[in-house]
Amino acid sequence: MLLLLLSIIVLHVAVLVLLFVSTIVSQWIVGNGHATDLWQNCSTSSSGNVHHCFSSSPNEWLQSVQATMILSIIFSILSLFLFFCQLFTLTKGGRFYITGIFQILAGLCVMSAAAIYTVRHPEWHLNSDYSYGFAYILAWVAFPLALLSGVIYVILRKRE
Amino acid sequence: IVVYTDREVHGAVGSRVTLHCSFWSSEWVSDDISFTWRYQPEGGRDAISIFHYAKGQPYIDEVGTFKERIQWVGDPRWKDGSIVIHNLDYSDNGTFTCDVKNPPDIVGKTSQVTLYVFEKVPTRYGVVLGAVIGGVLGVVLLLLLLFYVVRYCWLRRQAALQRRLSAMEKGKLHKPGKDASKRGRQTPVLYAMLDHSRSTKAVSEKKAKGLGESRKDKK
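Residues numbered from 1 in each chain as written. Chains lettered and ligands numbered in written order. Predicted model: local features only at pLDDT ≥ 70, side-chain atom pairs only at ≥ 80, totals over all residues. Heavy atoms only, no water.

The name recorded for chain A in UniProt is Peripheral myelin protein 22, from Homo sapiens. For the record of chain A, the UniProt heading Function holds the text "Might be involved in growth regulation, and in myelinization in the peripheral nervous system." Of chain A, the UniProt comment under Sequence similarities reads exactly: "Belongs to the PMP-22/EMP/MP20 family." (UniProt positions renumbered as here; feature names shortened; annotations may be inferred.)

Here it is in structure tokens:
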């Protein structure tokens with residue numbers, strides 16, 4: 001039981017870390033000499049040092065990507081918080097519905113963020129030569145993990 | 001006197017824009033208060049007066065580029081010297097200066113607002129961001145609230161039903177002590193109902209059973 005509890009928390013924290021990293025790190029799209037994320041557009045030298053950054057365009061779709069990423073972080077943190085609350089208050093045999101729902105919401109948010117980014121990024125990213133960076137991939141990885149941990153929360157019954 | 005305006009205003013071609021101007025004065029607002037709006041075209045050197053308000057009377061540009069396009073919407077009593085410019089054009093780009101004199105308080109700086117006319121007004125940074133975050137959080141909160149209200153009402157109805165049932169089952173045996181025990185009994189009933197509330201069928205069955213029993217009791 002303790003092991004299960006620990007692994008659930010570890011999974012949740014892992015999701016949170018993934019969300020934070022993918023939101024913050026400037027590696028959504030990399031190309032020769034530049035790396036962009038949701039917040040800024042940086043030019044880099046060949047050795048990987050960041051030269052100069054300027055803030056990204058105020059494109060509506062980019063803003064909604066930022067918003068959904070922030071929302072997913074908020075929901076995930078809220079879910080972790082609620083999990084600890086429910087751990088102590090829930091009656092025996094109860095399910096962690098609210099925790100699970102918020103975690104699933106976080107997963108859906110990060111999915112929509114990544115999906116919008118995939119479809120719409122040519123609008124604000126004009127370089128034709130690019131590849132997706134690791135932060136973008138982490139966002140996609142965070143989606144099934146968040147969904148998985150959300151489903152686990154919903155399925156799980158509280159034992160003493 | 002201190003005059004306040006926005007730093008920048010954006011407007012779309014053909015639409016109208018309000019140039020806000022307010023002030024803080026150490027004196028009471030006097031009858032001699034005057035507002036002056038000056039306009040300096042983008043790249044131009046000279047500022048021209050386009051609007052003047054004095055002695056309760058607005059004087060509006062009748063010959064220049066803003067002819068018949070300015071409207072006075074301010075009110076000196078509310079320390080408001082705002083004007084509206086209608087039917088914007090690209091040539092209206094420039095700096096507007098608001099100057100307020102409230103004798104005897106006349107020493108102070110003017111305030112400037114820069115007008116940018118666009119074909120389509122770009123959304124300001126953070127508007128969509130804030131709207132999406134606020135909207136989704138609001139909807140989630142609302143849903144949660146709704147869920148809890150519905151559940152609360154449901155539980156209360158069930159509890160009331162159960163109380164009536166138990167009262168019927170017990171007849172008028174405990175009548176004198178009923179009021180005193182009511183409060184104490186309410187909570188366990190609620191908890192008991194938590195288990196039953198999942199299947200209304202069980203409840204209705206029990207209800208029917210209870211009714212039957214009570215009928216038997218009556219016989």
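Still to come is the rest of the account.
### Let's talk about the overall build of chain B
Helix and strand counts for chain B stand at 3 helices and 11 strands. The order of α-helices and β-strands along chain B, N terminus first, is β-β-β-β-β-β-β-β-β-β-β-α-α-α. Across the 219 residues that make up chain B, the buried fraction comes to 30%. For chain B, the share of sequence-separated contacts (at least 6 apart) that also reach a separation of at least 24 residues comes to 58%. Accessible surface, chain B: about 15,000 Å² in total, of which carbon and sulfur atoms supply 57%. (Helix = DSSP H or I, 4+ residues; strand = E, 2+ residues; numbered from the N terminus. Buried < 20%, exposed > 50% of the residue type's maximum accessible area, 1.4 Å probe, protein only. Contact = heavy atoms within 4.5 Å. Areas by Shrake-Rupley, 256 points an atom, 1.4 Å probe, with all protein chains shown as cover.)

### Considerations on the pattern of salt bridges
Residues and elements named next belong to chain B. This model, assessed by the stated rule, comprises 5 salt bridges over all chains. Of the charged contacts, one joins R38 and D99 as a salt bridge, the two residues approaching to 3.6 Å between their closest N and O atoms. Remark: D99 occurs in strand β10 (residues 94-101) and R38 occurs in strand β5 (residues 34-41); sequence separation between them is 61 residues. For R38, a relative accessible area of 27% translates into the label partly exposed. (Salt bridge = Lys/Arg side-chain N within 4 Å of Asp/Glu carboxyl O.)

### Some words on the state of the cysteines
All names here are of chain B. Scanning the model with the defined rule gives 1 disulfide over all chains in all. Across the disulfide from C21 sits C98; the S-S distance is 1.9 Å. Taking the sign of the S-S torsion, -75 degrees for the link of C21 and C98, the bridge is left-handed. Note that C21 is positioned in strand β4 (residues 21-24) and C98 in strand β10, a separation of 77 residues in sequence. (Disulfide = S-S within 2.5 Å.)

### Considerations on the environment of A:V110
All names here are of chain A. Tracing the chain through its elements places V110 in helix α3 (residues 97-120). Along the sequence, V110 and T23 sit 87 residues apart, while their C-alpha atoms lie 9.8 Å from each other. Ignoring any residue separated from it by four or fewer positions in sequence, one finds V110 in contact with L19, M69, S72, A139, A142 and F143.

### What to know about the interface of chain A and chain B
A common way to report how large an interface is uses the accessible area buried once the components associate. With 14 residues of chain A in contact, the opposing surface of chain B contributes 14 residues. Around 1,300 Å² of area is buried between chain A and chain B when both sides are counted, 76% of it from carbon and sulfur atoms. Taken as a group, A:E60, A:Q63 and A:L71 account for 37% of the area that chain A buries against chain B, more than any other trio of residues on that side. The interface formed by chain A and chain B includes 1 residue pair in polar contact (both at pLDDT 80 or more). Where the side of chain A that touches chain B is concerned, the elements lending two or more residues are α2 (60-89) and α3 of chain A. It is α2(A) that provides the largest number of residues to the side of chain A that touches chain B, a total of 9 residues. Among the residues forming the side of chain A that touches chain B, the class breakdown is 10 nonpolar, 3 polar and 1 charged. (Buried area = accessible area lost by both parts, 1.4 Å probe. Polar contact = N/O pair within 3.5 Å; in protein donor to acceptor, adjacent residues only side chain to side chain. Nonpolar A, V, L, I, M, F, W, Y, C, P; charged D, E, K, R; others polar.)

### Focus on the sheet that holds strand β9 (residues 83-85) of chain B
All names here are of chain B. An order of β3-β9-β8 is seen for the 3 strands of this open sheet, with the pairing classed as antiparallel. Lying at the two open borders of the sheet, with one neighbouring strand each, are β3 (17-19) and β8 (70-72). Here the strands of the sheet are splayed against their neighbours by 25 degrees on average, with no regard to which way each runs. As defined by bridge partners, β8 adjoins β9 across 3 bridges and the pair is classed as antiparallel. By the bridge assignment for β9, Q71 is matched with V84. (Pairing = 2+ DSSP bridges. Axes fitted to C-alpha atoms, helices over the stretch in contact; angles between N-to-C directions.)

### What to know about the packing of aromatic side chains
All names here are of chain B. All chains considered together, the criterion is met by 18 aromatic pairs over all chains. Aromatic pair F51 and W72: ring centres 5.2 Å apart, planes at 20 degrees, arrangement stacked. In this pair, F51 sits in strand β6 (residues 48-54) while W72 sits in strand β8, placing the two residues 21 residues apart along the sequence. In terms of burial, F51 and W72 fall into one category: buried. Where F147 meets Y148, the ring centres are 5.4 Å apart and the plane angle is 75 degrees; that geometry is what we call edge-to-face. Put simply, the rings of F23, F35, F51, Y53 and W72 pair up and form one aromatic cluster. (Phe/Tyr/Trp six-rings, centres within 6.5 Å; stacked < 30°, edge-to-face > 60°.)

### With respect to the packing of α2(A) against helix α1 (residues 127-170) of chain B
Running from amino to carboxyl end, α2(A) crosses α1(B) at an angle of 40 degrees, the nearest separation of the two axes being 8 Å. What the angle tells us is that α2(A) and α1(B) run oblique. α1(B) is crossed by α2(A), and the crossing has right-handed handedness. Together, A:E60, A:Q63, A:S64, A:Q66, A:A67, A:I70, A:L71, A:I74 and A:F75 of α2(A) and B:V127, B:V128, B:L129, B:V132, B:I133, B:V136, B:L137 and B:V140 of α1(B) make up the contact between the two elements. Split by residue class, the contact of α2(A) with α1(B) holds 13 nonpolar, 3 polar and 1 charged. (Parallel < 35°, antiparallel > 145°, perpendicular 65-115°, else oblique. Left-handed = near helix turned anticlockwise from the far one by under 90°.)

### With respect to α1(B)
Residue and element names in this part refer to chain B. The terminal C-alpha atoms of α1 lie 63 Å apart, and with 44 residues this matches the ideal 64 Å at 1.5 Å per residue to within 8%. Listed in full, the buried residues belonging to α1 are V128, L129, I133, V140, L155, Q158, A159, Q162, L165 and S166. Of the residues trailing α1, G171 is marked for its positive phi of about 65 degrees. (Expected span 1.5 Å × (residues − 1).)

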